[in-house]
Amino acid sequence: MKKQKSPIRKAVFPVAGLGTRFLPATKAMPKEMLTVVDRPVIQHVVDEARAAGIEHFIFVTGRNKGVIEDHFDSQFELERTLSERGKKRELEMLSRDLPGAGQTSFTRQQTPLGLGHAVWCARELVGNEPFALLLPDMLHHADTPCLADMMDAYRETGGNVVAVSPVPKEQTHLYGIVGVASSKAKVSAITSMIEKPPRGTAPSNLHITGRYILQPDIFSILANQESGTGGEIQLTDAMITLMDEKKQPFHAVRFDGDIYDCGSKIGFLLANIAYALARDDIGPALKDELNKLL
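Everything numeric here is computed off the predicted structure, so don't read it as measured data.

Engineer: What am I meant to see in the nonpolar core here?
Structural biologist: Soluble, globular proteins show a tendency: their nonpolar side chains are buried together. One finds Phe13, Ile54, Phe59, Leu139 and Leu147 to be the most contacted residues of the largest nonpolar core, which totals 40 residues. Within the residue set of this core, elements represented by two or more residues are strand 1 (10–14), helix 1 (41–51), strand 4 (56–61), strand 6 (131–134), helix 7 (146–157), strand 8 (160–166) and helix 10 (265–277). In terms of residue count, helix 7 provides more of this core than any other element does, seven residues in total. Formed by 35 residues, the second largest nonpolar core is a distinct cluster that contains Ile58, Ala122, Ile221 and Met243.

Engineer: So what exactly am I meant to see when it comes to the pairing of strand 11 (residues 206–214) here?
Structural biologist: Taken residue by residue, a regular strand's side chains alternate between the two faces of the sheet. Among the nine residues that make up strand 11, nine are buried, leaving the element largely enclosed by the rest of the structure. With four bridges connecting them, strand 6 and strand 11 associate as antiparallel partners. In the sheet register, Phe131 faces strand 11, and the bridge partner there is Leu214. For strand 8 and strand 11, the ladder comprises five bridges, and the chain directions are antiparallel. By the bridge assignment for strand 11, Val164 is matched with Ile208. Across two bridges, the pairing between strand 9 (residues 176–180) and strand 11 is antiparallel. Each bridged residue has a counterpart across the sheet, and for Ile177 the counterpart in strand 11 is His207.

Engineer: How should the state of the cysteines be read in this particular structure?
Structural biologist: What makes a disulfide is a covalent bond joining the sulfur atoms belonging to two cysteines. Scanning all chains against the criterion turns up zero disulfides. With no disulfide of its own, Cys262 lies closest to Cys146 among cysteine sulfurs, the gap being 15 Å. Under the relative-accessibility criterion, Cys262 is labelled buried at 6%.

Engineer: Any chance you could explain the packing of helix 3 (residues 76–84) against helix 4 (residues 88–97) here in plain terms?
Structural biologist: Two packed helices can be described by the angle between their axes and the distance between those axes. Close contact between helix 3 and helix 4 brings their axes to 8 Å; oriented N to C, the two are set at 150°. One way to sum up the angle between helix 3 and helix 4 is to call them roughly antiparallel. Crossing handedness for the pair helix 3 and helix 4: left-handed. Here Leu78, Glu79, Leu82 and Ser83 of helix 3 lie close against helix 4, whose contacting residues are Glu90, Leu91 and Leu94.

Engineer: Would you mind showing me how to read the environment of Pro216 here?
Structural biologist: Along the chain, Pro216 falls in the loop between strand 11 and helix 8 (218–223). In this structure Pro216 comes out as buried when scored by relative accessible area, which is 13%. Through-space distance from the C-alpha of Pro216 to that of Trp120 is 10.0 Å; in sequence the pair is 96 residues apart. Aside from chain neighbours lying at most four places away, what touches Pro216 is Gly127, Asn128, Glu129 and Pro130.

So, how was this worked out
- All residue numbers refer to position in the chain's written sequence, counted from 1.
- Reporting of local features is limited, given that this is a predicted model, to residues whose pLDDT is at least 70; pairs of side-chain atoms are given and counted only at 80 or more, and all residues count toward the totals for whole chains, interfaces and linings.
- Neither water nor hydrogens contribute to the side-chain values; these are computed over all heavy atoms in the structure.
- As used here, the term nonpolar core means buried Ala, Val, Leu, Ile, Met, Phe, Trp, Tyr and Cys residues forming a set that is joined through side-chain atoms within 4.5 Å.
- Between buried and exposed lies partly exposed: a residue is buried under 20% and exposed over 50% of the maximum accessible area for its type, with that area taken using a 1.4 Å probe on protein chains only.
- Numbering goes from the N terminus for both helices and strands, where a helix is a DSSP run of H or I of at least four residues and a strand is a run of E of at least two.
- A pair of strands is treated as paired once DSSP finds two or more bridges between them.
- Disulfides are defined in this document as cysteine sulfur pairs within 2.5 Å.
- A fitted line through C-alpha atoms represents every axis, and for helices the fit uses only the stretch in contact; the resulting angles, taken between N-to-C directions, go from 0 to 180 degrees.
- To sort the angles, those under 35 degrees are grouped as roughly parallel, those over 145 as roughly antiparallel, those from 65 to 115 as roughly perpendicular, and the leftovers as oblique.
- Each crossing gets its handedness from the near helix: less than a right angle anticlockwise from the far helix is left-handed, clockwise is right-handed.
- Throughout, a residue-residue contact means that at least one pair of heavy atoms, one from each residue, lies within 4.5 Å.

Shown next as C-alpha cells:
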C-alpha cells in the first residue's frame with residue numbers, strides 16, 4: 001500500500017528583490033509589477049500556481065513592495081466606478097483574479113541574504129507541510145502549467161520535486177545544475193546537485209528553472225545554513241544537504257515549454273512578445289507590426 005502524500009496547498013513567492021537591472025523603472029515600482037502585456041509578472045506566476053491547485057499564496061516581500069499587497073486586494077473605488085460605467089468585462093476579470101479572503105499572506109525579508117533566507121522567512125506561514133516555491137522572475141510558458149506537471153509527478157513520487165530544462169553546456173556555470181538517472185525522461189530521480197559549477201564540471205546540462213516542491217524539513221536546514229556562492233544563503237546548498245545527509249528523495253521534472261527570465265531586459269522583452277503573440281485578440285496584429293519592423 002502506497003504511503004499517502006501530504007497535499008500541496010501553499011506556495012511561496014520571493015518578491016523582496018530590488019530589481020536594480022530595471023532602474024529607473026523600478027525606482028518606485030516593484031519589478032514584479034512590471035507588465036507582460038497587460039498583467040504584472042507576479043500575476044502570471046500566481047496564475048500558474050492557482051491553475052495547479054494552490055490554495056494559499058505566501059509572498060516574501062521587502063521595503064517598497066506594498067503595491068503587490070494592494071494588487072491582490074479588492075479596490076472598492078475602482079470597482080464602483082467600473083460598475084457605474086457598465087464595464088462588466090473588466091469587473092469580471094478583477095473578480096476572477098482576486099484571491100479569496102485569507103488566501104494571501106505577506107511576510108518581510110528585512111535583509112537581502114539570498115533565496116534560501118527568503119524561503120526561511122516563510123517558515124511560520126508554511127508550517128509543517130510540503131509547499132511549492134515559484135520564483136517570479138522566471139515565466140514558464142506552455143500549454144500545461146509547469147507547476148501542474150510537477151504536482152502530477154509529486155503525487156507519484158512524493159518527496160521533493162524540481163523543474164529542470166536543458167541549457168547549452170557552455171552556460172552551465174551560470175545555473176544550479178542537477179545530475180539525473182535519465183536525462184531523457186520526463187520525470188527522473190536526481191543523483192547530484194550543484195550551484196553554478198565551474199566550467200567543465202557540471203553533471204549534466206539540466207538547470208533548475210525556478211519551480212520547486214519542497215518538504216518542510218528544508219526550514220531547519222536553512223536556519224543553520226552558511227553563506228555560499230555570492231555570499232548569500234543558497235537554497236541549492238540546503239537542498240543538497242536535504243538529499244545527501246537527510247536522505248530525502250529528489251526528482252526532476254523536465255519542462256518542455258519556453259522560459260523567460262524577466263529579471264533580464266532581453267528576457268522581459270521576449271516574454272512580452274511571446275505572450276502577446278499567443279493571444280487571439282492582439283497576436284495577429286502584433287505579428288504584422290513585427291514583420292514591418294524586421
